[in-house]
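These are the residues of each chain, in order.
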Amino acid sequence: MLSRPLHEYPMRTLNRPAPCIELRRADDDIVYLTCGLPYEPGLPSLIDYLARAAAMRPTTTFLAERDAAKQWRRLTYAAAARDTAAVATWLIRNGFGPESAPVMILSENSIEHALLMLGAMRAGAAVVPVSPTYSFGHDLGRLGYALELTRPALVYAADSVRYAPALEYVKARAPGTVTIAGNEFSELLQTADAAALAARRAQIVDATIAKILLTSGSTGRPKGVINTHGNIAASIQMVRLVSEPFDAERVNTIVDWLPWHHAFGGNAQFNGVLSLAGTLYIDTGRPVPGLFDATIENLREISPTSFGCVPAAFGMLAAALEKDADLRQKFFKNMRALGYGGALLPQPIWERMQRVAVLEIGEQLPFGTGWGMTETTATGVAVYWTTVRTGLLGLPQPGVALKLVPSGDRMELRIKGPHIMSGYYRADALNAAAFDEEGYFRTGDAVRWIDLAQPLAGLEFAGRIAEDFKLLSGTWVQASIVRRDLVEALQPFVGDAVICAPDHAWLGALVWLALPDDARLRSDLAQKLAAFNQARQGSADTIARLLILKDPPCAEAGEITDKRSINQRLVINRRANEVALLYADRIDPRIIEPAVVELRAQR
């Protein structure tokens, strides 16, 4: 317990620039917003950051992962430069390059995954990292779709046994495609040809495709987002310009599980570590019961300098830190700052993390966030100053221009900059609709000002426009905002929720619990739901019933992404029976209603 209120404890100050913007309002109420800090290009490609890191810190660990004996297997920067040179040479000799078909990677994060990814970039070939969930289950249709869309010439999987069905599927579906399993990877490490690598480097320009990342498919089939070498370099530099200056005496160290086939893990976390010649410990844990124990033990052993993750991790982490003094000491020993992304962090969890920080080190920590999409390579909008609340998206980073288009009581967010994708891979029709007449990418997200009179306070998330739907009355529901507020209001009992449903008279919600289900929890949930509704108005903003889901979201079916975000539309479609129970006249035992009778009259 703290001896005084949380807000009375100091916040650590980092050497970051103050927020600075330039704002212009057009006659049609459109707002154009740019960062007031100058954009200065950094190195031209991620492979140049690798070369710099190898020269600067050749013996420093770049990547580490647990081996079969649970010991850390390490890859230094010197070894990474050597091995990626060999991989690139093998690829060049086998016809891979800027004009060739891509290289597809099916596997989880690993040292070999990184070597192939960086080796492909050094060869000028596009790499397509694919979610491992595409390779498992009875239906490999999602893998078939990825093959059809990207048409790779080489497919790699780390485990020849675990991925055997997927590799056989590739051979049958795409005859002639080269397949390589983990036990064959050493064949790519035999030799490096410096002259061939130098000649190929001269052919790699800003527009050369480095990656093709598949979107989550929350609004339809996954799209192939083109990340060029220029996109990736720009996204790195935008973050560096609003971060602390490089400190040669400190090796930035993270423990991270976020998948490299997503922009957050693959472009923000992985590229960020490489750009600073830091160390990334590959975490096999996940923020779900049973798997998070591995993350906890890694954090206890490594003592990272920063920790950034999806919001789902912080509730579990706060609970562990609150009860484990040894873990608390190890976690905060070298910690400089915290960060979250991928979704919105409930304010109560933010406060719990700050309380344990104060308990251990006597001060609160900067807890940043940012906004980005696969199409923006990494971020583009960020909170890089000190704040004491969650829900912010921030302000544009250097080099970024925002166009805020009025949309009811919100503004649609559109964005432009050197980090924005050139387009979707092999999808001209989608590209025509993705950008407006001024070349701004249409994000589909809505924002509001935190304080209209003080734009420097930043923007807050105001919903995913594509997730909005109408009730039977014709009233629009901002589903992503209702979901965010509901999950926050039901802490610490609920881990996530899905708001239901279009064409009904009132809203219900499917919820996954964060704590064991019992009568006391249900009573507490009914009380919290009543309080949630009393603070809001109308059928489009209140929840009449909750239904507790027993089965976790299914990754193989696409209900949840590898970074733990929920595909709302798909969950509603797949769980039509549970949605029907929400609206049935006969109340199922799993249903929870508000603890006040008056609210039931809304139905």
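Right, let's walk through the structure included here. (Residues numbered from 1 in each chain as written. Predicted model: local features only at pLDDT ≥ 70, side-chain atom pairs only at ≥ 80, totals over all residues. Heavy atoms only, no water.)

### What about the packing of helix α14 (residues 479-489) against helix α15 (residues 519-534)?
At a minimum axis distance of 10 Å, the contact between α14 and α15 shows a crossing angle of 135°. Compared by their axis directions, α14 and α15 come out oblique. As for how α14 packs across α15, the hand of that crossing is right-handed. Taken together, the residues of α15 that come into contact with α14 (itself represented by V482, D485, L486 and A489) are K528, L529 and F532. (Axes fitted to C-alpha atoms, helices over the stretch in contact; angles between N-to-C directions. Helix = DSSP H or I, 4+ residues; strand = E, 2+ residues; numbered from the N terminus. Parallel < 35°, antiparallel > 145°, perpendicular 65-115°, else oblique. Left-handed = near helix turned anticlockwise from the far one by under 90°. Contact = heavy atoms within 4.5 Å.)

### A closer look at the pairing of strand β14 (residues 337-340)
Side chains A337 and G339 project from β14 onto one buried face, and the interleaved L338 and Y340 project onto a second face that is buried too. In this sheet, β14 lies alongside strand β13 (residues 306-309) in parallel orientation, the contact comprising four bridges. Residue pairing across strands places C309 opposite Y340, the latter belonging to β14. Note that β14 and strand β15 (residues 367-371) share three bridges and pair parallel. Its bridge partner being in β15, G339 is matched across the sheet by G368. You can see the chain leave β14, run along helix α12 (residues 347-361) and come back into β15, and the turn it takes is right-handed. (Buried < 20%, exposed > 50% of the residue type's maximum accessible area, 1.4 Å probe, protein only. Pairing = 2+ DSSP bridges. Right-handed = clockwise from strand over helix to strand, strands pointing away.)

### Details of the nonpolar core
With 49 residues, the main nonpolar core has F62, L63, Y77, F270 and L274 as its most contacted residues. If one sorts the elements of this core by residue count, helix α3 (residues 111-123) sits on top with nine residues. Apart from the residues within four sequence positions on either side, L63 is in contact with R73, R74, L75, I111, A114, W260, F270 and L280. Counting residues in hydrophobic clusters, the runner-up holds 38 residues, among them W72, V255, F264 and L317. (Core = buried A, V, L, I, M, F, W, Y, C linked by side-chain atoms within 4.5 Å.)

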